[in-house]
Amino acid sequence: MNALAPTLRRWLAGERIGPLPPRDAGQPPPALSFEFFPPKTPALEEQLWACIRRLAPLAPRFVSVTYGAGGSTHERTHATVSRLIRETSLVPAAHLTCVGATREEVDGIARAYWQAGVRHIVALRGDAPSGTAYVPHPGGYAYASDLVAGLRRVADFEVSVAAYPETHPAAVNPAADLDNLKRKLDAGATRAITQYFFDSATYLRFLDRALAAGITAPIVPGIMPVSNFEQAARFSALCGTSVPVWLRDLFEGTENDPEIRRIVASIVAAEQVRTLQANGVDEFHFYTLNRPELTYAIAHILGVRPRG
Ligand code: FAD
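Per chain, residue numbering runs from 1 following the sequence as it is written. The predicted origin of the model limits local features to residues at a pLDDT of at least 70 and limits the giving and counting of side-chain atom pairs to 80 or more, whereas totals for whole chains, interfaces and linings rest on all residues. Hydrogens and waters are ignored; side-chain quantities use all the structure's heavy atoms.

Peer 1: Tell me about the site of the ligand, and name the residues and values.
Peer 2: We call a residue near a molecule or strand whenever a single non-hydrogen atom of that residue lies within 4 Å of it. With respect to spatial proximity, 23 residues lie near the ligand, and among them Tyr67, Asp127, Tyr164, His168 and Lys184 are the closest. Think of a polar contact as two N or O atoms within 3.5 Å of one another; within protein, one of them needs to be a possible hydrogen donor and the other a possible acceptor, and neighboring residues in sequence only count if both atoms come from side chains. Interatomic distance of 2.9 Å between a backbone N/O atom of Ala144 and an oxygen atom of the ligand. Arg183 has a polar side-chain atom sitting 3.4 Å from a nitrogen atom of the ligand. Shrake-Rupley sampling with a 1.4 Å probe provides the accessible areas, and residues are treated as covered by the protein chains on show and by no other component. Summarising the interface, the protein chains cover 83% of the accessible area of the ligand, which totals 980 Å² for the free molecule. Of all elements in the fold, only strand E3 (92–97), helix H6 (174–186) and strand E6 (191–194) reach the threshold of two or more residues within the shell around the ligand. Each residue receives one of three labels: charged for Asp, Glu, Lys and Arg, nonpolar for Ala, Val, Leu, Ile, Met, Phe, Trp, Tyr, Cys and Pro, and polar for the others, Gly being one of them. For the shell around the ligand, the per-class residue count stands at ten nonpolar, eight polar and five charged. The secondary structure listing takes helices from DSSP runs of H or I that are at least 4 residues long and strands from runs of E that are at least 2 residues long, numbered from the N terminus.

And the structure:
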């Protein structure tokens, strides 16, 4: 996937390449993965499972379940992943962070996942409670690369890690952040999933830099379909994702018009994934926010059809 398509070279060189070419008739549909968060209430649980039932026929490669800040959702993440194993044929991936726990505690959680049948972990550092700087737990894994190495000692997990096309906000500089990604992959991770971004060129340039740094593992773009612009803008400020002026302009005036907002949102997301697909990207990770409609529509546009 990291081999850049010729269109990208031209695009990065500033050439206007005009309308996106149609998908080739013989082009296989991309591989997808979907991210969910563990629900807090029975109503949200119902919403999550309706979302899972809607998206499951798209046969994702895996579905991942996030881990709340400070390990706060440990039980709920475990319960959701266990239910996925019991009630579906989907392949679950459990997110796990270093925050607020000793290595032994984290290893224990990983061991319990393995015993429950989980074979894929998304290994993350996690963040400190809002407004405070991250400090490693004494006796804990300090960074995601340490966690990856620890997981590999626990069991033969498939491990995915995070990557940042716009550089992690706490990184000293982009080169150091790329070194960190390389450390995570060298420690045993086999795939990176990116923080979401709105400017496709940013991601494509990041792939180029990663390739130049000798990274050959897949770096799967994380796609956040925006249904609530104000909320997305607030969250983007926290996680270091730039919000382009053109995106703000597109959503301006749609605040009280959910129908139009949904249509604009689908067009924005469709254009983003089609640009990436036209540049050779063949795997996508969707931050579903436990809502299926936009993700389903975008998957359809990418050529993915329900199975079974
Ligand atoms: P790391 O890779 O450890 O990097 C964190 C920072 O430390 C970077 O700036 C890095 O450059 C720097 N660094 C790394 N090693 C060193 C070192 N030895 N010395 C100095 N600096 C170093 N958060 C959750 O709480 N739960 C989730 O479920 C969750 N899921 C996510 C899924 C994806 C796909 C992504 C992209 C993020 C997710 N996050 C989640 C957010 C993530 O926890 C935060 O972005 C966090 O701030 C960094 O995590 P990381 O694994 O990238 O950390």
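Peer 1: Now, about the nonpolar core: what can you tell me, with residues and values included?
Peer 2: To qualify as a nonpolar core, a set must consist of buried Ala, Val, Leu, Ile, Met, Phe, Trp, Tyr and Cys residues joined through side-chain atoms within 4.5 Å. Partly exposed describes any residue whose relative accessible area lies between the buried limit of under 20% and the exposed limit of over 50%, with all areas from a 1.4 Å probe on protein chains only and scaled to the type maximum. Counting 86 residues, the largest nonpolar core has Leu151, Leu181, Ile219 and Phe284 as its most contacted members. Top contributing element to this core by residue count: helix H10 (residues 258–278), with six residues. The contact criterion used throughout is that any non-hydrogen atoms of two residues lie within 4.5 Å. Contacts of Leu151, omitting those with residues within four sequence positions, involve Leu96, Ala110, Ile121, Ala123, Phe157 and Val159.

Peer 1: Got a sec to walk through a negative patch on the surface? Specific residues and values, please.
Peer 2: Together, Glu230, Asp249, Glu252 and Glu255 line one region of the surface with negative charge. Take Glu230: it is sitting in helix H8 (residues 229–239). On the accessibility criterion, Glu230 (38% relative accessible area) is partly exposed. Here a patch means residues that are over 30% exposed by relative accessible area and free of salt bridges, tied together within 9 Å if like-charged and within 5 Å if nonpolar (Val, Leu, Ile, Met, Phe, Trp, Tyr). A pairing counts as a salt bridge when a side-chain nitrogen of Lys or Arg comes within 4 Å of a carboxyl oxygen of Asp or Glu. Residues counted as positive are Lys and Arg, residues counted as negative are Asp and Glu, and His and the chain ends are not counted. Charged groups are reduced to one reference atom each: NZ for lysine, CZ for arginine, CG for aspartic acid, CD for glutamic acid.

Peer 1: Tell me about unusual backbone geometry, and please be specific about residues and values.
Peer 2: If a residue is not glycine, its phi is most likely negative; likewise, a peptide bond is most likely trans. At Thr167, a position not held by glycine, the phi torsion is positive, near 70°. Looking at the element boundaries, Thr167 is found in the loop between strand E5 (158–163) and H6. Residue classification places Thr167 among the buried residues on the basis of a relative accessible area of 16%. The phi dihedral of Leu289 is positive, around 55°, even though this residue is not glycine. By the element assignment, Leu289 lies in the loop between strand E9 (283–287) and helix H11 (293–301). Leu289 gets classed as partly exposed once you look at its relative accessible area, which sits at 36%.

Peer 1: Residues and numbers for the pattern of salt bridges, please.
Peer 2: The final tally for this structure, using the stated rule, is nine salt bridges. Between Arg61 and Glu283 there is a salt bridge, with its nearest N and O atoms 3.1 Å apart. Pair noted here: Arg61 is in the loop between helix H2 (42–55) and strand E2 (62–65) and Glu283 is in strand E9, with a separation of 222 residues, a long-range link. We note a salt bridge from Glu283 to Arg191, for which the minimum N-O separation is 3.6 Å. Placement of the pair is Glu283 in strand E9 and Arg191 in strand E6, with a sequence separation of 92 residues. You can call Arg191 buried: its relative accessible area is 8%. Several salt bridges converge on common partners, so that one network encompasses Arg61, Glu158, Arg191 and Glu283.

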